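Letter by letter, the chains look like this.
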Amino acid sequence: MDRHDGFREFVLARQQALMRTAYLLVGDAHLAEDLLQSVLVKIAGKWPGLARDGNPEAYTRRALVNQYISWRRRPRPEAPSADPPEHGVSHDEETLDRIMLRQALAKLTRKQRAVIVLRFWEDLTEAQTAEALGCSVGNVKSQTHHALARLRALAPELAGPDSLSDLQEVAR
């Protein structure tokens with residue numbers, strides 16, 4: 001029996017979801033690939049224990065968040081402009097909302113952004129988010145409250161009655 005039995009299948013089955021989480025955390029496709037790859041390399045070395053314990057996805061998600069938060073010295077990617085270029089870009093409302101939201105997310109602290117991604121895009125409960133971040137449920141509630149307030153301040157045009165309460169739709 002190979003010590004990596006099941007690892008390849010896990011990666012193939014969960015790669016898109018993990019890549020989406022990485023992308024939402026870092027806001028750049030290439031950095032997201034780097035983040036996910038560095039985490040998967042670490043996970044591969046611990047695979048036998050993770051497979052035996054039965055929840056490798058939760059561990060991998062937490063590792064993504066921890067690695068993202070620890071990348072403090074890495075330069076932040078350029079945020080997309082709210083003023084689209086004159087040619088070649090859709091100017092519809094949904095696209096502009098998505099650009100503004102991504103710019104606002106880029107201005108959150110890393111922990112606030114991680115909480116928003118896990119709670120609203122990954123649809124984790126407060127308890128699951130606390131477990132993924134290694135903090136208390138109260139900390140998740142506080143970080144969520146502060147992050148949403150900051151998003152409303154940074155992008156007031158998105159703070160309509162349903163806008164920030166349904167972040168999943170804008171993100172797509």
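Anything mentioned here points back to the structure above.
Computed from a predicted structure; not experimentally measured.

Engineer: Account for the packing of aromatic side chains, with residues named and values stated.
Structural biologist: Going through the model one piece at a time under the given rule, you end up with 2 aromatic pairs. With a centroid separation of 5.3 Å and an interplanar angle of 70°, the aromatic rings of Phe7 and Trp47 are classed as edge-to-face. Here the residue Phe7 occupies a position in helix α1 (residues 7-26), and Trp47 occupies one in helix α2 (residues 29-53), the gap between them amounting to 40 residues. The same class applies to Phe7 and to Trp47, which are both buried. Clustering of aromatic rings is evident, with ring pairs tying together Phe7, Phe10 and Trp47. If you follow Arg110 out to its NZ or CZ, it ends over the ring of Tyr68, 5.0 Å from the centre. A cation over a ring is seen here: Arg119 above Phe120, with NZ or CZ 6.0 Å from the ring centre.

Engineer: Describe the environment of Trp121, and please don't skip the residues or the numbers.
Structural biologist: Within the element layout of this structure, Trp121 appears in helix α5 (residues 110-121). Trp121 sits in the buried class, given a relative accessible area of 11%. Linking Trp121 and Leu24, residues 97 residues apart in sequence, is a C-alpha distance of 8.3 Å.

Criteria and cut-off values
Residues numbered from 1 in each chain as written. Predicted model: local features only at pLDDT ≥ 70, side-chain atom pairs only at ≥ 80, totals over all residues. Heavy atoms only, no water. Phe/Tyr/Trp six-rings, centres within 6.5 Å; stacked < 30°, edge-to-face > 60°. Helix = DSSP H or I, 4+ residues; strand = E, 2+ residues; numbered from the N terminus. Buried < 20%, exposed > 50% of the residue type's maximum accessible area, 1.4 Å probe, protein only. Lys NZ or Arg CZ within 6 Å of the ring centre and 35° of its normal.

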